[in-house]
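# Summary of the model geometry
Read off the chains here:
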Amino acid sequence: EPEVTQTPSHQVTQMGQEVILRCVPISNHLYFYWYRQILGQKVEFLVSFYNNEISEKSEIFDDQFSVERPDGSNFTLKIRSTKLEDSAMYFCASSVRRDRVAFFGQGTRLTVV
Amino acid sequence: AQKVTQAQTEISVVEKEDVTLDCVYETRDTTYYLFWYKQPPSGELVFLIRRNSFDEQNEISGRYSWNFQKSTSSFNFTITASQVVDSAVYFCALRSFNDMRFGAGTRLTVKP
């Protein structure tokens, strides 16, 4: 069964460092998303991406964040200069159309020390 | 603005009890989609159901059932004869256009 895959499953980084979280969406999906979940809290929308551009982003998605689809399969989230409060689980999701089910990856746990 | 409210932060039941998780949403859009996701202790998000705003038919899938009522902007989720494996955080989510908002989640603990 097709699934969204995310790597790495856990990343530890020092404050101020750049991190890139990687996602491989389901192959025929056209819409891609990043969400984050601070430990024990709600899942928060970061950004949606369609046709090689950002279609929607939340107030959380500031200039420290960027997304890219560098090739036909990967979808990445970059955090330029990590802060302690960026520690969270980051989920990638994809869907065939915007009104279809979003399937989630298993998440990358980012720990900023 | 869109909003999803799950007023129950934690629920604890004993195995075989029925339990209903509440979800109330707000949106100005006429076309929208509602979802329930399960997050087990392992952390991943597992899709359970999607409903669109034009389909108010209730749905049953095994021990799970969903009650969508547009008049009260609610999309409640019932687990019948709960099992220990149902222990998880359950998120209700609302999607319209390109925005998807999650509720705060309800932590369900099913005790043997």
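The notes below deal with the structure included here. (Residues numbered from 1 in each chain as written. Chains lettered and ligands numbered in written order. Predicted model: local features only at pLDDT ≥ 70, side-chain atom pairs only at ≥ 80, totals over all residues. Heavy atoms only, no water.)

### Things to note about the environment of B:V89
Residues and elements named next belong to chain B. Tracing the backbone shows V89 in strand β10 (residues 88-96). Along the chain, V89 and L108 lie 19 residues apart, while their C-alpha atoms are 5.9 Å from each other. If we ignore the near neighbours within four places in the chain, the residues touching V89 are Y37, K38, Q39, G105, T106 and R107. (Helix = DSSP H or I, 4+ residues; strand = E, 2+ residues; numbered from the N terminus. Contact = heavy atoms within 4.5 Å.)

### So, the state of the cysteines
Applying the stated rule across the entire model yields two disulfides over all chains. Disulfide partner of A:C23: A:C92, at an S-S distance of 1.9 Å. Around the S-S axis, the bridge from A:C23 to A:C92 shows a dihedral of about -65 degrees and counts as left-handed. Here A:C92 lies in strand β9 (residues 88-95) and A:C23 lies in strand β3 (residues 19-24), a separation of 69 residues in the sequence. The same class applies to A:C23 and to A:C92, which are both buried. B:C23 shares a disulfide with B:C92; S-S distance 1.9 Å. Between B:C23 and B:C92, the S-S dihedral sits near -65 degrees, and the bridge is therefore left-handed. A residue pair is termed long-range when its members are at least 10 positions apart, and B:C23 in the loop between β3 (19-21) and β4 (24-26) and B:C92 in strand β10 qualify at 69 residues. Owing to a relative accessible area of 0%, B:C23 belongs among the buried residues under this scheme. (Disulfide = S-S within 2.5 Å. Buried < 20%, exposed > 50% of the residue type's maximum accessible area, 1.4 Å probe, protein only.)

### Some details on the nonpolar core
When a protein is soluble and globular, its nonpolar side chains tend to lie buried together. B:W36, B:F77, B:Y90 and B:L108 are the most contacted members of the largest nonpolar core, which totals 23 residues. Elements represented by at least two residues in this core include exactly β2 (10-14), β3, β5 (33-39), β8 (64-69), β9 (74-79), β10 and β12 (106-111) of chain B. With four residues, β10(B) is the single largest residue contributor to this core. Excluding residues within four positions of it along the chain, B:Y90 makes contact with B:Q6, B:L21, B:W36, B:Y37, B:K38, B:L48, B:Y64, B:F77, B:I79, B:G105, B:T106 and B:L108. Core analysis: the second largest hydrophobic core is formed by 22 residues, A:V19, A:I60, A:I79 and A:Y90 among them. (Core = buried A, V, L, I, M, F, W, Y, C linked by side-chain atoms within 4.5 Å.)

### Here we look at the pairing of β5(B)
Residues and elements named next belong to chain B. Of all seven residues in β5, seven are buried, a share of seventy percent or more. In terms of strand pairing, β5 meets strand β6 (residues 46-52) through six bridges, oriented antiparallel. Across the sheet, K38 pairs through a bridge with V46, a residue of β6. As judged from the seven bridges shared by β5 and β10, these two strands associate in the antiparallel manner. When the sheet's bridge partners are listed, Q39 is paired in β10 with V89. (Pairing = 2+ DSSP bridges.)

### Quick notes on the interface of chain A and chain B
Counting from both sides, the interface comprises 21 residues of chain A and, opposite them, 18 residues of chain B. Between chain A and chain B, roughly 1900 Å² of surface is buried when both sides are summed, and carbon and sulfur atoms account for 54% of that area. Here chain A is connected to chain B by zero salt bridges. Here the residues of the side of chain A that touches chain B are counted per class, giving nine nonpolar, six polar and six charged. (Buried area = accessible area lost by both parts, 1.4 Å probe. Salt bridge = Lys/Arg side-chain N within 4 Å of Asp/Glu carboxyl O. Nonpolar A, V, L, I, M, F, W, Y, C, P; charged D, E, K, R; others polar.)

### Examining the environment of A:L110
Residue and element names in this part refer to chain A. Along the chain, L110 falls in strand β11 (residues 108-112). Residue classification places L110 among the buried positions, given a relative accessible area of 1%. Sequence-wise, L110 and R36 are 74 residues apart; in three dimensions their C-alpha atoms are separated by 9.9 Å.

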